[in-house]
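# Results of the structural survey
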There are 2 protein chains.
Amino acid sequence: MINSIKEFLIGKSLRTEQLKSERFNIFWGLPILSSDAISSVAYAGQEILYILVPAVGFMAFTDMIHAVLMVILLLFILVFSYRQVIDCYPKGGGAYIVAQDNLGITPSLIAAAALCIDYILTVAVSISAGTAAITSAFPHLLPYNVTICIILIILMTIGNLRGISESAKVFAIPPYLFISIMIIMIVYGFVKYNIMGIHPKPIYKVPNFTNTLSFLVFLKAFAAGCTALTGVEAVSNGIPNFKEPSQKNAKIVLLLLGCVALVLFGGISYLSTIYKAVYNPDVTVIAQVAIQVFGKGFMFYIVQTFTALILIMAANTSYNGFPLLLSIIAKDGYVPRQFSKRGSRLSYSNGIIFLSLTAIVLLVYFKGDNHSLLPLYAVGVFVSFTLAQTGMVLKWLRNKDGAWKHKALINAIGAILSFSTTIVLSITKFKEGAWLVCILIPILVFIMWRIKAHYNIVADELKLNLSQKPKCIDYKKQKNYMIIPIDSLNKSFLKSYNYAEAFTKDIIVFHVSIDEEATKKLLDSWKEYGMQVPIVVRRSPYRNLIGPLVKFIESEEFTVTPGDTITVIMPQLVVKKWWENVLHNQTSLFIRSTLLKRRNIALVTLPYIISK
Amino acid sequence: MINSIKEFLIGKSLRTEQLKSERFNIFWGLPILSSDAISSVAYAGQEILYILVPAVGFMAFTDMIHAVLMVILLLFILVFSYRQVIDCYPKGGGAYIVAQDNLGITPSLIAAAALCIDYILTVAVSISAGTAAITSAFPHLLPYNVTICIILIILMTIGNLRGISESAKVFAIPPYLFISIMIIMIVYGFVKYNIMGIHPKPIYKVPNFTNTLSFLVFLKAFAAGCTALTGVEAVSNGIPNFKEPSQKNAKIVLLLLGCVALVLFGGISYLSTIYKAVYNPDVTVIAQVAIQVFGKGFMFYIVQTFTALILIMAANTSYNGFPLLLSIIAKDGYVPRQFSKRGSRLSYSNGIIFLSLTAIVLLVYFKGDNHSLLPLYAVGVFVSFTLAQTGMVLKWLRNKDGAWKHKALINAIGAILSFSTTIVLSITKFKEGAWLVCILIPILVFIMWRIKAHYNIVADELKLNLSQKPKCIDYKKQKNYMIIPIDSLNKSFLKSYNYAEAFTKDIIVFHVSIDEEATKKLLDSWKEYGMQVPIVVRRSPYRNLIGPLVKFIESEEFTVTPGDTITVIMPQLVVKKWWENVLHNQTSLFIRSTLLKRRNIALVTLPYIISK
């Protein structure tokens, strides 16, 4: 049953060899890996206006352009810096791998933690922004925004569990639709305002004071705009997802991404300034611009639909990046190994599910409010940018091959700008939420160290030397005790007893007496059936079933030499329906967990299947 | 650690033999088993006024007395009926036992379901009313009422897990304090009004219209007052909790209960009529009376404190009755067997914890509002009254011993009145919540039947006949295969291998290959260590670890005759800290649950302890 539901939802299992064919070319790769960066125009511009309008009033629409230009400049520097990363690290892994290679373990873990946080935030932020686009068009859905967010995440989870290639086909169209409609809006908006000379009244009141822009406010506006830059890392992390030549394809996609972002972010910001859009919690800036340009008709709903779609698909960038990154870290042993295993559809199922769950928690906690999630965003990704670029600079300085001076300079500029931006982001957004990220990164690094340390200890203890060959023990001298706890003489006990007889002559039947009557009944039937083995009875005045058994095993009367293993046989009733399990096997669960803490005990579970 | 917390909270373990000394005499038994009935004066009168005041206006204060008298009359009929139950059923069990004995299984299960529902409601209703007494005195605590309820339940749970005798001493004083303060208030209130002639103005506006009382409204008022009658069953259920002569003691307590309820319910209702108290969601009727009688000074707070205390202790009636009833039903196999086991302090721990959890759920759902919980209340208990009294009538008619005609008449009156009251309660309170109880009772009866049916099937399948003696199998002919799955050659595998070698020569080492490289590494080290047994390798293109193993066991190449049991050895890493478990043993959990569904498989769990 569960298997067929699973198959219906995520499709038939795929063979490991089918992995190669599940990759993108440039046409599919661009929309899938860049939708994060491209979609952020839907909220980045709005956040800039949120800072500027109350601070400088009408001047906001002039100053906005400066902030946007700064962001775009930074984007291109990052694009060129990361193209060099792609050149050097064909297997992907981005900041984590680069930092590990050039800066050491701790910096790489910092990058890993920062990236993980930002991948999760990408999902939460994009989904909440997508929902905002929906509720801007249909205001009566506003009270259900959290529910909408959760439904969207569940759909996305299912899609991604089906595997990367199929998700490509599902998720690649919306970005292209969004890019097209945005270009149409930008061109028509420009023509309408400048050539046809139509200047509609702003929808919301624009403050009619003007102030000079202070440096701090400008930094804040710039920081708000930096949320548009989070998608760059995704491309260099995702190189193994590209078809051969994967490095070349990734580099082209990265450059295309920069160009698309330039056109859209620049164009829409320009439209916001001429059509005087302002921040409003219920109607997004894009929605306001669309109403001004197209009127509240068919085209407005098309814009909102495509905006919602690309934002939802932007979350998909994380579904490609996060599980892949996590699998790389898991192979190094810094997160639980389960994250390194591919599911039946060749996707890293555990990583996908983990991502969905944490994003849902965030969305529920922040009540699906995009605006309150954004201050947490982008700090992490700039930490990883800084580490990756610094690592690259060190790499060039160490190797000094080819045009290394020129390349080191590009990465150095990238590193310095990323670092400065990290500082700006942390300070300007600290109170609103960035503090949480600043605390979380060291905590995650600590946890990752602990996990690695534990895996190391286990590996050490399990390691075999050539001297420890299995032949050196003399089995003939060993006593092979098997203990069968008995409650009443029934078929399940008989199965255990037969099993034990097949292996050893040293059988001990052990009964813990809580109720005198029951014990008497047991001993009577024991006699009646003519069982050959004596039964050991221990009273338990405190009604504890495990204590007397453990005490018996440890007692001198039960003579075991140190090397011996004692086998305890526990029958287990296997029932047909899940709820029937509540009615059985409670005690044996406790016995299991107590006995398994002892080195010299083996526990045999013998299923007794209730067929009806 | 957990053990010492447990010991700190609930005390040292008690021996089963200490059970006898954990019983009440009359002095302790009265307050503990009757606090439910006595405490209900704190809300029963108020509910009557809630019905009457809006319906008949000023006349409410006259009509109330009639309703109260009806309730008290019914109480005494039930007291005498139940004294006869105590005579006939010295081991307790009340309606469930009586119905089972005289009416058959289904009626007894109906009684059981009805009683269980009402025990849970007693906790919820009493705790919420107690909290209302607290918030009437300290209105700024009103927003935290649910939290207060939950804290109170947790304290009560701990107290009861410590065992019945100790809880007696903790919980017996408040009822006596409440009885005393109520008698003082009744006497002083009477004197103040009638002899000193002081007639204070009502605190809340009393409607100044008068209406004639319709029959339906009177029935509603009577139904509202019937919540005062739920405590009677507790005494006859609780006979085994009394010291010898337990029947006589229980009968005396039951009669005393009737007398105390008569004085308090009558007296306080009288005070409410002369001091013109009305229903108010924030200030209870008792609080209004206390203010009128004593003024809002020291004595007012004493009244509120003692009222809160007895209400909280009333919930304790359920903590004595519910787990005991559940243990009786569990011994018959209609609820999970765990409920029949005494905990380390001789209380039925599972029943206590279950009661607390369900009551908390109710309180959270109804936001701790006493008034909205009350319509659900009392229906269940009157269903059980009806069944118990009907059963008693049949018993007298069947046995015809002693003064059976006289006794049958008493029980018949009890039965008829209980049945009529059940109908009145169901109809008048149906819309407000009684419908839920009417649905729940059949559902619970169905579930109990299913559980019993399941236990019967299991018992049938496990039952041994004398012909099935263990000797009839020839173990020499059996092959004793042991399969050891291997992932990599390490100490844990070696332990499994040594264990298997000690028991059999038929060892199969089985490897599922997911990753070619890892398999090659394993086979190399296998050669290097010079292992004698061949290793069986199966590829798993779909990365499924269990499928190939199951397929191998079923395949012809692995020849097993039908009777053979195949032993699969699963090493399990035992780690020191709980969180480390997340990092291991995930796969073996899946393997366990799949393999244990097969009749011919035994699973050996071999702990490998990581000591660091």
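Residues numbered from 1 in each chain as written. Chains lettered and ligands numbered in written order. Predicted model: local features only at pLDDT ≥ 70, side-chain atom pairs only at ≥ 80, totals over all residues. Heavy atoms only, no water.

As a reminder, the rule being used: UniProt positions are given in the numbering used here, feature names are shortened, and annotations may be inferred rather than shown by experiment.
An unreviewed UniProt entry lists chain A under the name APC family permease, with Candidatus Clostridium eludens given as the organism. UniProt's Subcellular location (unreviewed entry) comment on chain A is quoted here verbatim: "Membrane".

## Description of the overall build of chain A
Quick reminder of the rule: Where helices and strands are cited, they refer to DSSP runs of H or I of at least four residues and of E of at least two residues respectively, numbered from the N terminus. Radius of gyration here is computed from C-alpha atoms only, and the compact-globule reference equals 2.2 Å multiplied by the residue count raised to the power 0.38. A simple rule labels every residue: compare its accessible area, found with a 1.4 Å probe on the protein chains alone, to the largest value its type can have, and call it buried under 20%, exposed over 50%, or partly exposed in between. Residues count as neighbours in contact if any of their non-hydrogen atoms are within 4.5 Å of one another. Per-residue and other accessible areas were derived by the Shrake-Rupley procedure at a 1.4 Å probe size, with only the shown protein chains allowed to occlude residues. The charge count treats Lys and Arg as positive and Asp and Glu as negative. His and the chain ends do not count. Charge positions are represented by NZ for Lys, CZ for Arg, CG for Asp and CD for Glu.
Assigned secondary structure in chain A consists of 22 helices and five strands. Against the 2.2 N^0.38 benchmark of 25 Å for 612 residues, chain A shows a C-alpha radius of gyration of 32 Å, more extended than a compact globule. Projected onto its principal axes, the C-alpha positions of chain A cover 105 × 60 × 45 Å. Per-residue burial for chain A yields a buried fraction of 57% across its 612 residues. Partitioning the contacts of chain A with sequence separation of at least 6, the portion at a separation of at least 24 is 81%. When the accessible surface of chain A is summed, it comes to about 26,000 Å², and 66% of that surface belongs to carbon and sulfur atoms. Here chain A holds 56 positive side-chain charges and 33 negative ones, and the gap between their average locations is 7 Å.

## Considering the relation of the copies chain A and chain B
Heads up, the rule is: C-alpha atoms of residues with pLDDT of at least 70 in both copies form the basis for the least-squares superposition of the copies.
At an RMSD of 0.3 Å, chain A and chain B line up after a rotation of 180 degrees and a shift of 0.1 Å along the axis. Viewed as a symmetry operation, the transformation between the two copies matches a two-fold axis. Residue Val604 of chain A of chain A places its C-alpha closer to the rotation axis than any other residue of that unit, at 2.1 Å. Here 100% of the interface residues in chain A have copies in chain B that are interface residues too; the copies meet face to matching face.

## Section: the interface of chain A and chain B
The condition is simple: Buried area: the sum, over both parts, of the accessible surface (1.4 Å probe) that disappears when the two are put together. Put simply, a salt bridge is a Lys or Arg side-chain nitrogen that is within 4 Å of an Asp or Glu carboxyl oxygen.
Contact with chain A, which involves 87 residues of that partner, is made by 87 residues of chain B. A buried area of about 7,800 Å², summed over both sides, lies between chain A and chain B, and 60% of it is on carbon and sulfur atoms. Contact with chain B buries surface across chain A, with Glu461, Tyr529 and Arg543 of chain A losing the most and accounting together for 10% of the total. The interface formed by chain A and chain B contains zero salt bridges.

## Details of the packing of helix α9 (residues 173-195) of chain A against helix α12 (residues 246-275) of chain A
Residue and element names in this part refer to chain A. Rule in force here: Axes here refer to lines fitted to C-alpha atoms; in helices the fit is confined to the stretch in contact. Angles between the N-to-C directions go from 0 to 180 degrees. Any angle between 65 and 115 degrees counts as roughly perpendicular, while under 35 counts as roughly parallel, over 145 as roughly antiparallel, and the rest as oblique. Crossing handedness: left-handed means the near helix sits turned counterclockwise from the far one by under a right angle, and right-handed means the same turn made clockwise. Residue polarity follows a fixed list, in which Ala, Val, Leu, Ile, Met, Phe, Trp, Tyr, Cys and Pro are nonpolar, Asp, Glu, Lys and Arg are charged, and the others, Gly among them, are polar.
For the pair α9 and α12, the least separation of the axes is 10 Å and the interaxial angle reads 40 degrees. Taken together, the axes of α9 and α12 lie oblique to each other. Once α9 is placed against α12, the crossing between them reads as left-handed. Mapping the contact onto sequence places Phe178, Ile179, Met182, Ile183, Met185, Ile186, Gly189, Phe190, Lys192, Tyr193 and Asn194 in α9 and Val260, Val263, Leu264, Gly267, Ile268, Tyr270, Leu271, Ile274 and Tyr275 in α12. Along the lines of polarity and charge, the residues of the contact of α9 with α12 split into 16 nonpolar, three polar and one charged.

## Quick word on the sheet that holds strand β1 (residues 482-485) of chain B
Selection rule: Should DSSP find at least two bridges between two strands, the strands are regarded as paired.
Spatially, the ten strands line up as an open sheet ordered β3(A)-β2(A)-β1(A)-β4(A)-β5(A)-β5(B)-β4(B)-β1(B)-β2(B)-β3(B), and their pairing is mixed. The sheet is open, and its two edges are formed by β3 (535-539) of chain A together with β3 (535-539) of chain B, each paired on a single side. The sheet shows a mean angle of 30 degrees between the axes of neighbouring strands, direction not considered. Where strand β2 (residues 507-513) of chain B meets β3 of chain B, five bridges bridge the pair, whose relative direction is parallel. Paired with Phe510 of chain B across the strands is Val536 of chain B, a residue of β3 of chain B. This element, helix α19 (residues 491-503) of chain B, spans β1 (482-485), β4 (566-574) and β5 (601-609) of chain A together with β1, β2, β4 (566-574) and β5 (601-609) of chain B of the sheet and lies at about 135 degrees to β5 of chain B.

## Structural notes on the pairing of β1 of chain A
All names here are of chain A. Of the pairings in the sheet, the one linking β1 to strand β2 (residues 507-513) comprises four bridges and is parallel in character. Considered in β2, the bridge of Ile484 is made with Val509. Bridge count between β1 and β4: two bridges; the pairing is parallel. When the bridges of β4 are listed, Met482 appears paired with Thr567.

## Considerations on helix α14 (residues 298-331) of chain A
All names here are of chain A. Selection criterion: One less than the number of residues in a helix, times 1.5 Å, gives the span that helix is expected to have.
Along its 34 residues, α14 runs 51 Å from first to last C-alpha, staying within 8% of the 50 Å computed at 1.5 Å per residue. Burial analysis of α14 places 27 of its 34 residues in the buried class, which makes it a mostly covered element. Positive phi shows up at Gly333, right after α14, with a value of about 90 degrees.

## Considerations on the side chain of Thr428 of chain A
All names here are of chain A. Our working rule: In the analysis that follows, any N or O atom pair within 3.5 Å is treated as a polar contact, provided that within protein one partner can donate a hydrogen and the other can accept it, and provided that, for residues neighboring in sequence, both atoms belong to side chains.
On the secondary structure map, Thr428 appears in helix α18 (residues 404-462). With relative accessibility at 11%, the residue Thr428 sits in the buried group. From its side chain, Thr428 meets the backbone oxygen of Val424 in a polar contact 2.8 Å long. Thr428 has contacts with Leu219, Lys220 and Ala223, leaving out every residue within four places of it along the chain.

## Things to note about the packing of helix α4 (residues 60-88) of chain B against helix α12 (residues 246-274) of chain B
Pairs of packed helices are described in terms of their axes, by the angle between the two and the distance that separates them. All names here are of chain B. Between α4 and α12, the shortest axis-to-axis distance is 10 Å and the interhelical angle comes to 180 degrees. As judged from the angle between their axes, α4 and α12 are roughly antiparallel. Split by residue class, the contact of α4 with α12 holds 22 nonpolar, six polar and three charged.

## Comments concerning the environment of Cys259 of chain B
Residue and element names in this part refer to chain B. Relative to the elements of secondary structure, Cys259 occurs in helix α12. Under the relative-accessibility criterion, Cys259 is labelled partly exposed at 36%. Taking the C-alpha atoms as reference, Cys259 lies 35 Å from Ala330; in sequence the two are 71 residues apart.

## Some thoughts on the packing of aromatic side chains
For clarity, the threshold we go by: Only the six-membered ring of Trp is used, alongside the rings of Phe and Tyr, when aromatic pairs are assigned; centres must lie within 6.5 Å, and planes under 30 degrees apart are stacked while those over 60 apart are edge-to-face, with the rest tilted. Each ring is checked for a lysine NZ or an arginine CZ that lies within 6 Å of its centre and within 35 degrees of its normal; such an atom marks a charge sitting over the ring.
Taken as a whole and assessed by the stated rule, the structure comprises 41 aromatic pairs over all chains. Relative to Phe385 of chain B, the ring of Tyr82 of chain B has its centre 5.6 Å away and its plane inclined at 65 degrees; by these criteria the two rings are edge-to-face. Separated by 303 residues along the polypeptide, Tyr82 of chain B in helix α4 and Phe385 of chain B in helix α17 (residues 379-399) bring together distant segments of the chain. Take Tyr82 of chain B and Phe385 of chain B: they sit in the same class, and that class is buried. Through pairs of rings, three or more aromatic residues link up here, namely Tyr119, Phe322, Phe339 and Phe354 of chain A. A cation over an aromatic ring shows up here: Arg337 of chain B above the ring of Tyr455 of chain B, its NZ or CZ 4.0 Å from the ring centre.

## Notes on the pairing of β4 of chain B
Residue and element names in this part refer to chain B. For β4, the tally of buried residues reaches seven of nine residues, placing the bulk of the element in the interior. Where β4 meets β5, nine bridges bridge the pair, whose relative direction is parallel. In the strand pairing of β5, Pro571 is matched with Leu606.

## A closer look at the state of the cysteines
Residue and element names in this part refer to chain B. What counts here: Criterion for a disulfide: a pair of cysteine sulfur atoms at a distance within 2.5 Å.
According to the stated counting rule, one finds zero disulfides over all chains in the structure shown. Here Cys116 is not cross-linked by a disulfide; its sulfur's nearest cysteine counterpart is in Cys438, at 17 Å. Distance from the sulfur of Cys438, which forms no disulfide, to the nearest cysteine sulfur (Cys226) is 15 Å. Judged by relative accessible area, which is 33%, Cys438 ranks as partly exposed.

## Side note on helix α6 (residues 105-137) of chain A
Between the first and last C-alpha of α6 of chain A there are 48 Å, a value that for 33 residues agrees with the 48 Å anticipated at 1.5 Å per step. The buried fraction of α6 of chain A is high, at 27 of 33 residues.

## Side note on the pattern of salt bridges
Residue and element names in this part refer to chain A. All told, the structure shown has eight salt bridges over all chains when counted by the stated rule. The salt bridge involving Asp101 is made with Lys395; its shortest N-O contact spans 3.9 Å. Pair noted here: Asp101 is in helix α5 (residues 94-102) and Lys395 is in helix α17 (residues 379-399), with a separation of 294 residues, a long-range link. Residue Arg539 is joined to Glu516 by a salt bridge in which the shortest nitrogen-to-oxygen separation is 3.6 Å. Taken as a pair, Arg539 in strand β3 and Glu516 in helix α20 (residues 516-528) lie far apart in primary sequence, 23 residues in all. When its relative accessible area of 51% is taken as the criterion, Arg539 is described as exposed.

## Some points on a nonpolar patch on the surface
Heads up, the rule is: Like charges are joined within 9 Å and nonpolar side chains (Val, Leu, Ile, Met, Phe, Trp, Tyr) within 5 Å, but only among residues with over 30% relative accessible area and no salt bridge; these make up the patches.
Taken together, Phe430, Trp435, Leu436, Ile439, Leu440, Ile443, Phe446 and Ile447 of chain A make up a surface patch of nonpolar side chains, about 680 Å² in accessible area. In this fold, Trp435 of chain A is placed in helix α18.

## Here's the deal with the environment of Lys495 of chain B
Mapped onto the elements, Lys495 of chain B comes out in helix α19. Sequence-wise, Lys495 of chain B and Pro571 of chain B are 76 residues apart; in three dimensions their C-alpha atoms are separated by 8.3 Å. What Lys495 of chain B contacts, discounting residues up to four positions off in sequence, is Arg599 of chain A together with Leu606, Pro607 and Tyr608 of chain B. Only 2.7 Å separates the side chain of Lys495 of chain B from the backbone oxygen of Pro607 of chain B, close enough to count as a polar contact.

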